[in-house]
Structure formats: C-alpha cells, structure tokens
Amino acid sequence: MTHLWVRAEQRPNEQRVGLTPEGAKTLLDHGIKVTVEESATRAIPIVGYKHAGCDIASENQWPDAPDETIIFGLKELPADGTPLKHKHILFGHAYKGQPDGQTLLKRFRAGGGTLYDLEYLVDENGRRVAAFGYWAGFAGAAVTLKAWAAQQRGELCGSVGAYSGKDALLGELKAELDATGAPRPTAIVIGALGRVGTGATDLMTAMGMAVTKWDMAETASGGPFPEILEHDIFINCILAGPQTPVFVPREAKTAERKLTAIGDVACDPDSDYNPVPVYNKATSWTEPALRVAEDPVLDVMAIDNLPSMLPVESSHDYAGQLLPSLAGLTDLNSGVWARAEATFLQHMKDLWWKSLWGQPQPLSAQSAGWADAQTRPHPAARAPLPEFPRPGAA
C-alpha cells in the first residue's frame, strides 16, 4: 500500500501544509495510507486529520518511517547532513546551482532516496501542476509596499508576521500607506500574466495604485530595461532560468532613478540566473528589507516563504491544486511523478559529472549507461568507478 507521511515543518515562521483534512480523506478513499505528524505551528489543526482517519505521529518522527514511505513536506529538511533514504516530496531548491541544493543532492546520493521537487511537478506540457504563486505575489507586494512606506518615514522596514487572513493584511497595509501622507507609488510588475504577477497586481490594485504590467512580450528584447527605473516599485515575478535577462543590473544602484524598492518574489539570489543582481542574499521576516544603496536609497525585499504570511488561504489553495497529483502516487512510473524523478536523476548525473570534471556536461554514449547506474536511487545498484581520464590526465 502506498504510504504518504506528512511531516511537520521545522523552519521558523512556516505554518503551511500541502494537504488538508479533506484532501487526506480523498487519498484514504483512494487506498493511500496517510500519516500526519503533530505540529505546534501548522495553521490547520491536527484534529481535522484525526477525524479524516489519518494515522497521527509525533513531530519529526519521519526519519524512522518505513523505507518505502513517501515523506511530504514543503520547505527544506533539517540541515543535519544525514543520508536520505526515503522518497521525499518538497521544494528542494537544488537544481539551479544553489550551494545548499548541492548538499541536499549529496544526502540523497548517500542514502539512496529520491527527490520529487514540487517546483518540477509538471504536466505533459511542462506547466506546473500546483504553485503557491498567487499568494507569494500578494504577500510579496504587501511587504515591498511596507518597505516603501518605511522609506517615507526615513526608516528601514520592520519585522513582519503571519495574518489571520487577507482582509487583516489589506486593512493594516492601507492604514500604513495612508499614514505616510504621500501619493500612492507607481509600480511595474514583470511576469504580470502569471499566478505570481496576478497576486502582486491584485494587492497593489486594492491599494489604489497604478500598475504597469509586463510579461514575456515586453522583455523579449533582452534588455536593458530603463523603464523599470522610472517606477517607484519593481516586483519581479519571473522564475529565473538560463534565458532570463537581467532586469535591474548592478550599476542601477548608483544610477539616476525613481526606483527605491524592489520586491523579488522569485527570490533566487544564489542562482546563477538571478535577474536582480543588486543583492546576494534572501531577506527574512525579522529583517524583510535589505538596503543595497543609500544615494538614492534602494531596498530589496526577498523573503522566500512569503505565502506563509497567509497560511490558511495559501494552504487550502495549494493543496487543492496538488491533490489530483497526490492521488496518483499509487503509480510513480508515469505522469508527474515519473517526470519529476527523471529531472532528479538528470541532476544527479550532473552532480557526478561535476565531481569528476568540475562542471556538468552532457554524458557521452560510452559513459551514459554507467552514470545511470551511479545515479539510480538505490545504493546497491552503483557500479565501481570506471577507468577513464580525468581533467589533465594523459
């Protein structure tokens, strides 16, 4: 029997969950065993899962789950370096060159487990089957506006927290903007037609702001984009990749500009493809804005778990999108799960190749079969290291 284990999140300020009690009941009806760990912080109480018929486990008990169990969480695992033997569903942030991601892949390599990265659960057309995007954009725009409002007071944005619902957030933010006595700022959103951009635009429209909406057509030239610097606020909603242009270059910090606040909702500062290279580290709930320039001032908001500010709404929304795929866990060899595993195995190949040659490269036909054995998620299947030249060898 397929066994899904919903672990308690260990990250501070993380109250979301990817499966609701109603969704758990659906999985149980599909013949999937569901275990849910207790959690002191989860926005949805454990009692609902009990009533649905789930097994209940103590917090952080998942490492002792049977080997065939599928472990499901949202954010990163505890960074204790232990080998990972299970199949894990989570946001791994491991496939775009992030240092912590490479460490995570090595843990899977050591334990023989498999990563089904939630960011790479895609349908046959390559479109993600579930995303927190709307609420990330909504909350990210709110915090960026808080940073702008703080600038009007001559301050740096103070700490933020979770809200009981979006109405509470909207009411607080409107009062804060009104208190500045300044006209509403202008904003530009890149990625405006996507879920993230829609959330950001909806938030700012609710605040009575003028919003310039850009998407692929407006950025197809590859830049530069001086129009961004002509707005008070820029919200980046583009998931970076090799073809993503730079939107705000480093030299913008000292350029003449109107721009004073950037909300990098995509928040991938460690990536080789960061399109907002004026900053190099994520911000946090306690320090939500990073000042990267003083004259003129420029603050960057880059919190990487923004939907957690609205944990109830974002959990229900995301869980509803993901549920059909979770119901398909009984067949890991097709559909979204097979595609996610193939992505994992390819990056495991790249990890192996980089360990030998210093950079990921396409595998030759001669070595491809051996590399498949090396990256297959079962330690017993690994073959001995073959004798072939390393860089610099004769």
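Residues numbered from 1 in each chain as written. Predicted model: local features only at pLDDT ≥ 70, side-chain atom pairs only at ≥ 80, totals over all residues. Heavy atoms only, no water.

(A) How the structure looks around the overall build of the chain. Helices and strands together make up the secondary structure of the chain, namely 11 helices and 12 strands. Put simply, 69% of the contacts in the chain that link residues at least 6 apart link residues at least 24 apart. Total accessible area on the chain is roughly 17,300 Å²; 52% of this is exposed by carbon and sulfur atoms. (Helix = DSSP H or I, 4+ residues; strand = E, 2+ residues; numbered from the N terminus. Contact = heavy atoms within 4.5 Å. Areas by Shrake-Rupley, 256 points an atom, 1.4 Å probe, with all protein chains shown as cover.)

(B) Representation of the pairing of strand β10 (residues 261–264) within the structure. The side-chain alternation of β10 yields two buried faces, one formed by A261 and G263 and the other by I262 and D264. Pairing of strand β9 (residues 233–236) with β10, which is carried by four bridges, proceeds in the parallel orientation. Bridging across to β10, F234 finds its partner in I262. Where β10 meets strand β12 (residues 297–301), three bridges bridge the pair, whose relative direction is parallel. Paired with G263 across the two strands is M301, which belongs to β12. (Buried < 20%, exposed > 50% of the residue type's maximum accessible area, 1.4 Å probe, protein only. Pairing = 2+ DSSP bridges.)

(C) Molecular detail of the packing of aromatic side chains. Summed over all chains, the structure comprises 12 aromatic pairs. Taken together, a centroid distance of 6.3 Å and an interplanar angle of 50° make the contact between F91 and F132 tilted. Of this pair, F91 sits in the loop between β5 (87–90) and α3 (99–111) while F132 sits in the loop between β6 (114–117) and α4 (133–152); the two residues are 41 residues apart in sequence, bridging distant segments of the chain. One exposure class covers both F91 and F132, and it is buried. Through a chain of ring-to-ring contacts, three or more aromatic side chains come together here, namely W214, F225, F234 and F247. Directly above the aromatic system of F132 lies the positively charged group of R16, at a separation of 4.3 Å from the ring centroid. (Phe/Tyr/Trp six-rings, centres within 6.5 Å; stacked < 30°, edge-to-face > 60°. Lys NZ or Arg CZ within 6 Å of the ring centre and 35° of its normal.)

(D) Expanded view of the pattern of salt bridges. Applying the stated criterion across every chain, the model contains 16 salt bridges. Note that E9 is salt-bridged to R7, the shortest N-O span being 3.7 Å. For the pair shown, E9 and R7 are each scored as buried. If you follow the salt bridges from partner to partner, you end up with K146, R153, E155, E172 and E176 in one network. (Salt bridge = Lys/Arg side-chain N within 4 Å of Asp/Glu carboxyl O.)

(E) Region of interest: the side chain of N305. Mapped onto the secondary structure, N305 falls in the loop between β12 and α9 (311–327). For N305, a relative accessible area of 2% corresponds to the buried category. A polar side-chain atom of N305 sits 3.0 Å from a polar atom in the side chain of W285. The residues contacting N305, other than those within four sequence positions of it, are R11, P12, N13, E14, R16, K75 and W285. (Polar contact = N/O pair within 3.5 Å; in protein donor to acceptor, adjacent residues only side chain to side chain.)

(F) The arrangement of unusual backbone geometry in detail. Residue P224 follows G223 across a cis peptide bond; omega there is 5°. Counting through the fold element by element, P224 comes out in the loop between α7 (216–219) and α8 (226–229). Here the amide bond leading from D295 into P296 is cis, since omega sits at 0°, within 30 degrees of zero. Assignment of secondary structure puts P296 in the loop between β11 (289–294) and β12. One non-glycine residue, N13, lies in the positive phi region at around 65°. Following the sequence through the fold, N13 ends up in the loop between β1 (3–6) and α1 (21–29).

(G) Looking closely at the sheet that holds strand β7 (residues 187–190). Taken in spatial order, the six strands of this open sheet run β8-β7-β9-β10-β12-β11, and their pairing is mixed. At either end of the open sheet lies a strand with only one pairing partner, and these are β8 (211–214) and β11. For this sheet, the mean inter-axis angle between neighbouring strands, taken without regard to orientation, is 15°. Contacts between α4 and the sheet are confined to β9, β10, β11 and β12, with β12 contributing the most and set at about 155° to the helix. Against the sheet, helix α6 (residues 195–206) touches β7, β8 and β9, its axis set at about 165° to β7. (Axes fitted to C-alpha atoms, helices over the stretch in contact; angles between N-to-C directions.)

(H) Local environment of the packing of α1 against α9. It is at 10 Å that the axes of α1 and α9 come closest, and there the two elements cross at 10°. Classified by the interaxial angle, the pair formed by α1 and α9 is roughly parallel. Mapping the contact onto sequence places E22, G23, T26 and L27 in α1 and H316, L323, L326 and A327 in α9. Here the contact of α1 with α9 is composed, by residue class, of four nonpolar, three polar and one charged. (Parallel < 35°, antiparallel > 145°, perpendicular 65-115°, else oblique. Nonpolar A, V, L, I, M, F, W, Y, C, P; charged D, E, K, R; others polar.)

No statement about biological role is implied by the geometric values presented.
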